[in-house]
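Tertiary structure, described
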Amino acid sequence: MVEATLADLRKSSTFFETKEVIHIVNGRKKEEVGYFVPKFLKDKFEIFLQDLEKSQKRKLLQRVAEASSKDTIGDGVVDDGIK
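Reference entry: report on the structure contained in this document. A quick note: this is a predicted structure, and the numbers were derived from the prediction, not measured.

With that settled, consider the overall build of the chain. Summing up its helical and strand segments, the chain has 2 helices and 3 strands in all. Within the chain, residue pairs in contact and separated by at least 24 positions form 3% of the contacts whose partners lie at least 6 positions apart.

Here's what the structure looks like:
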């Protein structure tokens, strides 16, 4: 993985033609900005992001299902079971 600053991003005309993932950092503040994923990795990266979103949604639905199972139905019930 190559590391580049925001200034490098603005200067380089060949920046977007790279074949490597580029780690972008703010050169002044020395903090991470993000990553640049080249075009040829786009399809694989989108599949990865979809899998990640499905995993997060699945975990959330599992928490909701567990909370619902702990929540008894009746008069005077206040707790929803979510922690």
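Moving on from the model shown.
Quick look at the environment of Glu17 now. Looking at the secondary structure, you find Glu17 in the loop between α1 (6-11) and β2 (22-26). With a relative accessible area of 60%, Glu17 lands in the exposed category. Sequence separation of Glu17 and Lys39 is 22 residues, and the distance between their C-alpha atoms is 8.3 Å.

Attention shifts here to the side chain of Asn26. Assignment of secondary structure puts Asn26 in strand β2. Residue Asn26 is classed as buried on the basis of its relative accessible area, which comes to 16%. Once residues lying within four places of it in the same chain are set aside, the contact partners of Asn26 are Leu6, Glu31 and Val33.

Moving on, we get to unusual backbone geometry. Only a minority of non-glycine residues have a phi that is not negative, and only a minority of peptide bonds are not trans. We note that Lys30 has phi near 55°; this positive angle belongs to a residue other than glycine. Note that Lys30 resides in the loop between β2 and β3 (31-36).

Right, let's get into the packing of aromatic side chains. Per the stated rule, a full pass over the model turns up 1 aromatic pair. Taken together, a centroid distance of 6.1 Å and an interplanar angle of 35° make the contact between Phe45 and Phe48 tilted. In this pair, Phe45 and Phe48 both sit in helix α2 (residues 42-70), 3 residues apart, roughly one turn of the helix. For Phe48, a relative accessible area of 47% corresponds to the partly exposed category.

Turning next to a nonpolar patch on the surface. A cluster of nonpolar residues, Phe45, Phe48, Leu49 and Leu52, forms a patch on the protein surface that exposes about 340 Å² of accessible area. Topologically, Leu52 is positioned in helix α2. Look at Leu52 and you get partly exposed, because its relative accessible area is 38%.

Our focus in this paragraph is the sheet that holds β2. Pairing is mixed in the open sheet, where 3 strands are placed in the order β1-β2-β3. Bordering the open sheet on either side are β1 (2-5) and β3, each of which pairs with just one other strand. In this sheet, adjacent strand axes meet at a mean angle of 30° when their direction is disregarded. Two elements, β1 and β2, share 4 bridges in a ladder whose sense is parallel.

What counts, and where the lines are drawn
- Residues numbered from 1 in each chain as written.
- Predicted model: local features only at pLDDT ≥ 70, side-chain atom pairs only at ≥ 80, totals over all residues.
- Heavy atoms only, no water.
- Helix = DSSP H or I, 4+ residues; strand = E, 2+ residues; numbered from the N terminus.
- Contact = heavy atoms within 4.5 Å.
- Buried < 20%, exposed > 50% of the residue type's maximum accessible area, 1.4 Å probe, protein only.
- Phe/Tyr/Trp six-rings, centres within 6.5 Å; stacked < 30°, edge-to-face > 60°.
- Patch = residues over 30% accessible without salt bridge, like charges linked within 9 Å, V, L, I, M, F, W, Y side chains within 5 Å.
- Areas by Shrake-Rupley, 256 points an atom, 1.4 Å probe, with all protein chains shown as cover.
- Salt bridge = Lys/Arg side-chain N within 4 Å of Asp/Glu carboxyl O.
- Pairing = 2+ DSSP bridges.
- Axes fitted to C-alpha atoms, helices over the stretch in contact; angles between N-to-C directions.

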